[in-house]
Amino acid sequence: MSLLQLKHICKSFSGVYANENINLSVEKGEIHALLGENGAGKTTLVNIIFGLYTADSGEILWKGKPADFASPKEAIEAGVGMVQQHFSLVNKMTVLDNIILNLKGNSFLLDRAAARKKLTDLAEKYGLHVNPDAVISDLSVGEQQRVEILKALYRDVELLILDEPTRGIDVGAKAEIYDLMRALTKEGVSIIMISSELPEILNNSSRIAVMSEGRLVK
């Protein structure tokens, strides 16, 4: 049974298809790459998976059961995480406060010592070193991306969506992302990676889906 299945997904804006009849499956522990030029419909598709958009028609199956995530909160609670191109961090807050923001209950009443330990353990395990007390606005783009990834991992995701994860970062940071993806898949986490860089996809994916003009062409 596939972890995620998309069946005949359609989404249009002002009468123009962004996604047209998309069929796609993601297996447990694989890196499934979405390749295509800008405007191909890749980001729209993952936004539907993550509950940011609602499909006009079609069906989503999560672990074999129909799923209709009405919001990112619902997707996250089901085990889906996403790191978008434009980060959703609160610039004036610390790394730790961003990580635990919007967890069930009041994040400021959580056991902050336990939360800090879980965060530092995850950072150490996956080589995503950040200072829990650093303010987001003081961090580089690469460091902020680490925080976004840690925020997803903190919530024990089973599917991690990475939208252009290596855009705008240096070679060393790119290698860090590739190592992380391989480590996660060894633990059974599935990854959807959007990229427009063919060499990156060929070297770091299990399967490749090619999109063009809103359609899946391969």
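Each value, and the rule that gives it
- Residues numbered from 1 in each chain as written.
- Predicted model: local features only at pLDDT ≥ 70, side-chain atom pairs only at ≥ 80, totals over all residues.
- Heavy atoms only, no water.
- Pairing = 2+ DSSP bridges.
- Helix = DSSP H or I, 4+ residues; strand = E, 2+ residues; numbered from the N terminus.
- Contact = heavy atoms within 4.5 Å.
- Axes fitted to C-alpha atoms, helices over the stretch in contact; angles between N-to-C directions.
- Buried < 20%, exposed > 50% of the residue type's maximum accessible area, 1.4 Å probe, protein only.
- Salt bridge = Lys/Arg side-chain N within 4 Å of Asp/Glu carboxyl O.

### Overview of the sheet that holds strand β3 (residues 31-35)
Judged by pairing direction, the sheet is mixed, and its six strands sit side by side in the order β6-β7-β8-β3-β9-β10 without closing on themselves. On the outer flanks of this sheet lie β6 (80-83) and β10 (215-216), each paired with one strand and no other. With two bridges connecting them, strand β9 (residues 207-212) and β10 associate as antiparallel partners. Across the sheet, residue Ser212 finds its bridge partner in β10, namely Arg215. Running at roughly 150 degrees to strand β8 (residues 190-195), helix α1 (residues 42-49) makes contact with β3, β6, β7 (159-163), β8 and β9 of the sheet.

### Quick notes on the sheet that holds strand β5 (residues 65-66)
What the four strands build is an open sheet, ordered β2-β1-β4-β5; its pairing is antiparallel. Each of the sheet's edge strands pairs with one partner strand only, and the pair in question is β2 (16-26) and β5. In the sheet, strand β1 (residues 4-13) pairs with β2 via seven bridges, with the strands oriented antiparallel. Pairing of Ser12 across the sheet is with Tyr17, part of β2.

### Description of the pairing of β3
With five of five residues buried, β3 is to be regarded as a mostly interior element. The two faces of β3 match: Ile31, Ala33 and Leu35 on one face and His32 and Leu34 on the other face are all buried. Here five bridges tie β3 to β8, and the two strands are oriented parallel to one another. Residue pairing in the sheet places Leu35 in a bridge with Ser195 of β8. Note that β3 and β9 share four bridges and pair parallel. When the sheet's bridge partners are listed, Ala33 is paired in β9 with Ile208.

### Quick notes on the pattern of salt bridges
By the definition in use, this model includes 13 salt bridges. A salt bridge links Asp156 to Lys118, with the nearest nitrogen and oxygen atoms 3.9 Å apart. Residue Asp156 is located in the loop between α5 (141-154) and β7, and its partner Lys118 is located in helix α4 (residues 112-126); the two are separated by 38 residues in the primary sequence.

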